[in-house]
Amino acid sequence: MTSDIALNVPIARTNLLDSEIEQVLEPLKSGWLVQGPKVREFEEKWSHFTGVKHSIAVTSCTTGLYLGLAGLGLQPGDEVIVPAFTWIATANVVEHLGAKVVFCDVDLNTFNLDVDQLDDKITSRTRAIIPVHLFGLSANMAPILALAEKHEIHVVEDAACGFGAYYKGQHVGAIGRLASFSFHPRKAITTGEGGMVTTNDDKLAQKLRCLRDHGAAMSDLQRHLGPKPYLLADHPEAGFNLRMTDIQAALGAAQMDRANDIVVERRRLACRFDKAFSSLSWLRTPQVLEGYENGYQSYPCLFQPKELNLVNVKNINEMRNAWMENLQQIGISTRPATHAVHMLEFYRNKYNLKPEDFPNAYLANDCSVSLPLFHGMTEKEQNYVIDRVLESRF
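Residues numbered from 1 in each chain as written. Predicted model: local features only at pLDDT ≥ 70, side-chain atom pairs only at ≥ 80, totals over all residues. Heavy atoms only, no water.

Participant: Account for the pattern of salt bridges, with residues named and values stated.
Facilitator: Within this structure, the stated rule accounts for 15 salt bridges. Here Glu-43 makes a salt bridge to Arg-212, at a shortest N to O gap of 2.9 Å. Highlighted residues: Glu-43 in helix H3 (residues 37–50) and Arg-212 in helix H7 (residues 202–212), separated in sequence by 169 residues. A relative accessible area of 5% places Arg-212 in the buried class. Two residues, Arg-243 and Asp-213, come together in a salt bridge whose shortest N-O distance is 3.1 Å. Taken together, the residues span a long stretch of sequence, with Arg-243 in the loop between helix H8 (220–225) and helix H9 (246–255) and Asp-213 in the loop between H7 and H8 at a distance of 30 residues. Overall, Arg-243 belongs to the partly exposed group, its relative accessible area being 22%. Take Asp-213: its relative accessible area is 5%, and that puts it in the buried class. (Salt bridge = Lys/Arg side-chain N within 4 Å of Asp/Glu carboxyl O. Helix = DSSP H or I, 4+ residues; strand = E, 2+ residues; numbered from the N terminus. Buried < 20%, exposed > 50% of the residue type's maximum accessible area, 1.4 Å probe, protein only.)

Rendered as structure tokens:
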């Protein structure tokens, strides 16, 4: 496995078939561009794939989380437990509803919530826990659900990266009270921007559909197809405009026809990386856990040329950044896996937090690195990444 010719390998690349792109023309030709028949088709296909009863298409995973928490009645003064290592949107939706973010550290082996620390974070004001299925690996849901039941609080899954991820045979997004998925271009299924809220709760689903559409009692499509399309719907809720367009949904629905193939391909690529890097002591590859099936939204590793601890973290961070720069210079794009939210300016200042308050999130922030992985990645591209990584010396 050698590849001497320099390539440019992005961290991710959108891979769409011509037939999928052509599907976008259908709503443009039909004249129905807003939330309509293509949104309904996408929702039905998503429910079928994930095994969840209700799928509700929205403008993004972030607005989906916001919609879900609003639908559950989150109020100012309530507390919501959020992983300290996740994309900032997980915490932002709590802030925008006037509630308090309570950070919990993560397990450095999985980058997901450390369930052993959860109980100490729960107070009389805790209304919800938001476990994040980070990078395509499910959070450890059983103990989270047990704690939530004990304290009568909601479990809202941040499944932004969760497409193709399973926990003990169940697709994520069908486990908690509700969930939200992302269709950002770095995700396996993309609509440019967009999201999907899922729930098995009939009453909650009805409320969320109402809230996403200005609080209307029925959608424009339902009214248009009904016996009196000339009458406007009642609005029992003061809702929002979080509707996905039929243009976006046409693209998403078309990709769902090869959903299984996309997941299989991403797992195959990850397996090749796992085998190639198995002997590297300085690079810890994603964990493979019994009872979990990873969807591999990305391929996050820990850069560890020396022992990972708070004494070494700054030096390791400098080494990691230099390595990432070297890879960038030869055409291989990498990224930190994500960020530690408690280290970002807004949360650091508002809650008077220090990096070491959540040490594993701090280490993950400064020492993680994601390598390129995307469906449509060629063998030549992957071999080039593998060879250049194996040539590295620490």
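Still more to cover.
Participant: Before we move on, can you summarise the side chain of Thr-110 with the specific residues and values?
Facilitator: When you line up the elements, Thr-110 lands in the loop between strand E3 (100–104) and strand E4 (126–129). Among the polar contacts listed, one links the side chain of Thr-110 to the backbone nitrogen of Asn-112, at a separation of 3.1 Å. Aside from chain neighbours lying at most four places away, what touches Thr-110 is Leu-137 and Leu-289. (Polar contact = N/O pair within 3.5 Å; in protein donor to acceptor, adjacent residues only side chain to side chain. Contact = heavy atoms within 4.5 Å.)

Participant: Residues and numbers for the packing of aromatic side chains, please.
Facilitator: Under the counting rule described, the total for this entry stands at 23 aromatic pairs. When the ring of Phe-49 is compared with that of Phe-163, the centres are 5.0 Å apart and the planes differ by 15 degrees; the resulting orientation is stacked. Separated by 114 residues along the polypeptide, Phe-49 in helix H3 and Phe-163 in the loop between strand E5 (154–159) and strand E6 (166–167) bring together distant segments of the chain. Note on accessibility: Phe-49 and Phe-163 belong to one class, buried. Taken together through their ring pairs, the aromatic side chains of Phe-42, Trp-46, Phe-49, Phe-163, Phe-181 and Phe-183 make up a single cluster. The ring of Phe-111 has Arg-284 lying over it, and the distance from NZ or CZ to the ring centre is 5.5 Å. (Phe/Tyr/Trp six-rings, centres within 6.5 Å; stacked < 30°, edge-to-face > 60°. Lys NZ or Arg CZ within 6 Å of the ring centre and 35° of its normal.)

Participant: An account of H7 is requested, with residue identities and associated values reported.
Facilitator: The set of residues buried in H7 consists of Leu-204, Ala-205, Leu-208, Cys-210, Leu-211 and Arg-212. The N-cap residue of H7 is Asp-201: its side-chain oxygen and the backbone nitrogen of Lys-203 are 3.1 Å apart.

Participant: Could you give an account of the packing of helix H10 (residues 259–276) against helix H14 (residues 379–391), with specific residues and numbers?
Facilitator: The N-to-C vectors of H10 and H14 enclose an angle of 25 degrees; their axes lie 11 Å apart at closest approach. By the angle between their directions, the pair H10 and H14 is classed as roughly parallel. The two elements H10 and H14 meet at a crossing, and its hand is right-handed. Along its contact with H10, which presents Leu-269, Arg-272, Phe-273 and Ala-276, the element H14 presents Glu-379, Gln-382, Asn-383, Val-385, Ile-386 and Leu-390. (Axes fitted to C-alpha atoms, helices over the stretch in contact; angles between N-to-C directions. Parallel < 35°, antiparallel > 145°, perpendicular 65-115°, else oblique. Left-handed = near helix turned anticlockwise from the far one by under 90°.)

Participant: How would you sum up the nonpolar core? Please name residues and give values.
Facilitator: Taken as a class, soluble globular proteins show a tendency for nonpolar side chains to be buried jointly. Judged by nonpolar contacts, the single largest core of 80 residues is most densely connected at Phe-85, Phe-277 and Leu-283. Contact partners of Leu-283, with chain neighbours within four places excluded, come to Phe-277, Cys-301, Leu-302, Phe-303, Gln-304, Trp-323, Val-369, Leu-371 and Val-389. Counting residues in hydrophobic clusters, the runner-up holds 42 residues, among them Val-115, Met-141, Ala-148 and Tyr-167. (Core = buried A, V, L, I, M, F, W, Y, C linked by side-chain atoms within 4.5 Å.)

Participant: Can you tell me about a nonpolar patch on the surface, naming the residues and giving the values?
Facilitator: Taken together, the side chains of Leu-25, Leu-28 and Leu-33 make up a nonpolar region of the molecular surface, amounting to roughly 240 Å² of accessible area. Mapped onto the elements, Leu-28 comes out in helix H2 (residues 25–30). (Patch = residues over 30% accessible without salt bridge, like charges linked within 9 Å, V, L, I, M, F, W, Y side chains within 5 Å. Areas by Shrake-Rupley, 256 points an atom, 1.4 Å probe, with all protein chains shown as cover.)

Participant: Explain the sheet that holds E6 to me, and be specific about the residues and the numbers.
Facilitator: If you trace the three strands from one edge of the open sheet to the other, you get E7-E6-E11, paired in antiparallel fashion. The strands lining the two open edges of the sheet, one partner per strand, are strand E7 (170–171) and strand E11 (292–293). One ladder, built from two bridges, connects E6 with E11; its direction is antiparallel. Directly across from Tyr-167, in E11, lies its bridge partner Tyr-292. (Pairing = 2+ DSSP bridges.)

Participant: I'd love a proper account of the pairing of E3, names of residues and values included.
Facilitator: The element E3 is largely enclosed, with a buried count of four among its five residues. Pairing between strand E2 (residues 79–83) and E3: five bridges, direction parallel. Within E3, the position partnered with Pro-83 by the bridge is Cys-104.

Participant: So what's going on with the packing of H3 against H9? Residues and values would help.
Facilitator: In a pair of packed helices, the angle between the axes and the distance between the axes together describe the arrangement. For the pair H3 and H9, the least separation of the axes is 8 Å and the interaxial angle reads 35 degrees. Of the two elements, H3 crosses H9, and the hand of that crossing is left-handed. Along the contact surface, H3 presents Pro-37, Lys-38, Val-39, Glu-41, Phe-42 and Lys-45, while H9 presents Asp-246, Ala-249, Ala-250, Gly-252 and Ala-253. Taken together, the residues of the contact of H3 with H9 break down into six nonpolar, one polar and four charged. (Nonpolar A, V, L, I, M, F, W, Y, C, P; charged D, E, K, R; others polar.)

Participant: Quick rundown of the environment of Leu-327? Include the residues and the values.
Facilitator: Secondary-structure assignment places Leu-327 in helix H11 (residues 313–329). Among the residues examined, Leu-327 registers a relative accessible area of 3% and is labelled buried. Distance from Leu-327 to Ser-392, taken between C-alpha atoms, is 9.7 Å for residues 65 residues apart in sequence. Excluding residues that lie within four positions of it along the chain, Leu-327 makes contacts with Ile-332, Thr-334 and Arg-388.

So far we have only geometry, and geometry alone does not tell us how the molecule works.
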